[in-house]
Amino acid sequence: LPLLRLITWAIMVFRNFRWHQIGPIISNSIVYSFLGTVMIVVLGFIIATYTRTAPKFLSEAYGKVTLISYALPGPVVALVVLFFMLNLADIFHFSVATTTVMLLLGYVIRYLGIAYENIDDGYKKLGMKHHQVARTLGKGYYATLLTVDLPMLKPFMLSGATLVFIDLIKELPLTLALRPFNFHTLATQTHQFASNEMLPESSIPSLIIVTISMLLTTFLFQKKVE
């Protein structure tokens, strides 16, 4: 029913909608969600790889730390990022303004736990036997990591990346707090339309978010079935 309501509103405003403005907004959403996803998955892979062979206490501690930030509301993470940047500005004497760098930093802090949990789960399912066999046959640690572990870990990394991307493309509070001036994503544009009582217009960016999320969810489901 909510989806049908959005489609009805979209049909109502389709002809008069400012389509020339939606292109850059879609581009912002996809590009920065993609950049954030890459950073999060790479960092999650590094942490999961380290904790794989770390003592149990350290492994559990890292896992809990990554999940704490996901449990925090977006505005709280935004305040943490702003506080950090303000202190950094005092030390190095530069002015602070909200930038896309701060936005990406907020994304990483907020959603690192999703990627880490997926990759760590993959490592636990794979075990150490393939890694140990490759090492026994003479491969170095990093060669084994890149040629043995990484290909086998690919489905879990794709799963984590898909979930992170879906969360990032619809993230609103964090984006509103840390985005640069006049920077819009599909989520912020939907919020702006809704705040201005332009509910029919808000259906267009909302439906684009739903469509992208559905496509990625379908992709993730097919990969799991395979």
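The structure reproduced in this document is the subject of the present report. (Residues numbered from 1 in each chain as written. Predicted model: local features only at pLDDT ≥ 70, side-chain atom pairs only at ≥ 80, totals over all residues. Heavy atoms only, no water.)

## Overview of the overall build of the protein chain
A tally of regular secondary structure across the protein chain gives 10 helices and zero strands. When the helices and strands of the protein chain are listed from N to C terminus, the series reads α-α-α-α-α-α-α-α-α-α. Judged by the C-alpha coordinates and their principal axes, the protein chain covers about 65 × 50 × 25 Å. Each of the 226 residues in the protein chain was classed as buried or not, and the buried ones make up 43%. Contacts in the protein chain between residues far apart in sequence, at least 24 positions, make up 77% of those at least 6 positions apart. By element, 70% of the accessible surface of the protein chain is carried by carbon and sulfur atoms, the whole surface being about 13100 Å². Computed over 17 positive and 11 negative side-chain charges, the separation of the two mean positions in the protein chain equals 7 Å. (Helix = DSSP H or I, 4+ residues; strand = E, 2+ residues; numbered from the N terminus. Buried < 20%, exposed > 50% of the residue type's maximum accessible area, 1.4 Å probe, protein only. Contact = heavy atoms within 4.5 Å. Areas by Shrake-Rupley, 256 points an atom, 1.4 Å probe, with all protein chains shown as cover. Lys, Arg positive; Asp, Glu negative; His and termini not counted. Charge placed at Lys NZ, Arg CZ, Asp CG, Glu CD.)

## Brief notes about the nonpolar core
If you look at the biggest cluster of nonpolar residues, it comprises 33 residues, and the most contacted ones within it are I40, F45, I119, Y123, L153 and L178. Secondary structure elements with two or more residues in this core: α2 (19-53), α4 (74-92), α5 (100-126), α7 (141-169) and α8 (173-178). The greatest single-element share of this core, amounting to 13 residues, is contributed by α5. In this view, F45 contacts I119, Y123, L145, L150, L153 and M157; residues no more than four positions away in its chain are not counted. The next biggest cluster of nonpolar side chains, apart from the first, holds 16 residues, and it includes I22, I204, L207 and I212. (Core = buried A, V, L, I, M, F, W, Y, C linked by side-chain atoms within 4.5 Å.)

## Considerations on unusual backbone geometry
One non-glycine residue, N182, lies in the positive phi region at around 65°. Considering the arrangement of structural elements, one finds N182 in the loop between α8 and α9 (186-195). Residue classification places N182 among the exposed positions, given a relative accessible area of 60%. With a phi close to 60°, E197 is a non-glycine residue in the positive phi region. Position of E197 relative to the elements: it lies in the loop between α9 and α10 (199-225).

## Overview of the packing of aromatic side chains
Enumeration according to the criterion identifies six aromatic pairs in this entry. Ring centres of Y32 and F183 lie 5.2 Å apart, and the angle between their planes is 85°; on these two criteria the pair is classed as edge-to-face. Placement of the pair is Y32 in helix α2 and F183 in the loop between α8 and α9, with a sequence separation of 151 residues. An identical accessibility class is assigned to Y32 and F183; each is buried. When the ring of Y141 is compared with that of Y142, the centres are 5.2 Å apart and the planes differ by 85°; the resulting orientation is edge-to-face. (Phe/Tyr/Trp six-rings, centres within 6.5 Å; stacked < 30°, edge-to-face > 60°.)

## Observations regarding a nonpolar patch on the surface
Together, V31, F34, L35, V38, V42, L43 and I46 give the surface a local cluster of nonpolar side chains, amounting to about 560 Å² of exposed area. Overall, the relative accessible area of 38% leaves V38 in the partly exposed class. (Patch = residues over 30% accessible without salt bridge, like charges linked within 9 Å, V, L, I, M, F, W, Y side chains within 5 Å. Salt bridge = Lys/Arg side-chain N within 4 Å of Asp/Glu carboxyl O.)

## Brief notes about α4
The terminal C-alpha atoms of α4, which comprises 19 residues, lie 27 Å apart, in line with the 27 Å expected from a rise of 1.5 Å per residue. Every buried residue of α4 is accounted for by G74, V77, A78, V81, M85 and A89. Mapping the buried residues of α4 onto a view down its axis gives an arc of 110°, with all of them on the same face. Every exposed residue of α4 that faces more than 90 degrees away from the buried side is listed here: L79, F83, D90 and I91. (Expected span 1.5 Å × (residues − 1). Arc of directions from axis to C-beta.)

## Re the environment of R110
Among the structural elements, R110 can be located in helix α5. Measuring from C-alpha to C-alpha, the distance between R110 and V164 comes to 10 Å, with 54 residues separating the pair along the chain. Once you skip the residues sitting within four places of it in the chain, R110 turns out to touch S69, Y70, L72, P73, G74, V77, E171 and L174.

## With respect to the side chain of T51
Within the secondary structure, T51 sits in helix α2. Overall, T51 belongs to the buried group, its relative accessible area being 2%. Among the polar contacts listed, one links the side chain of T51 to the backbone oxygen of A48, at a separation of 3.1 Å. (Polar contact = N/O pair within 3.5 Å; in protein donor to acceptor, adjacent residues only side chain to side chain.)

Interpretation note: all reported values are geometric properties and have no functional meaning in isolation.
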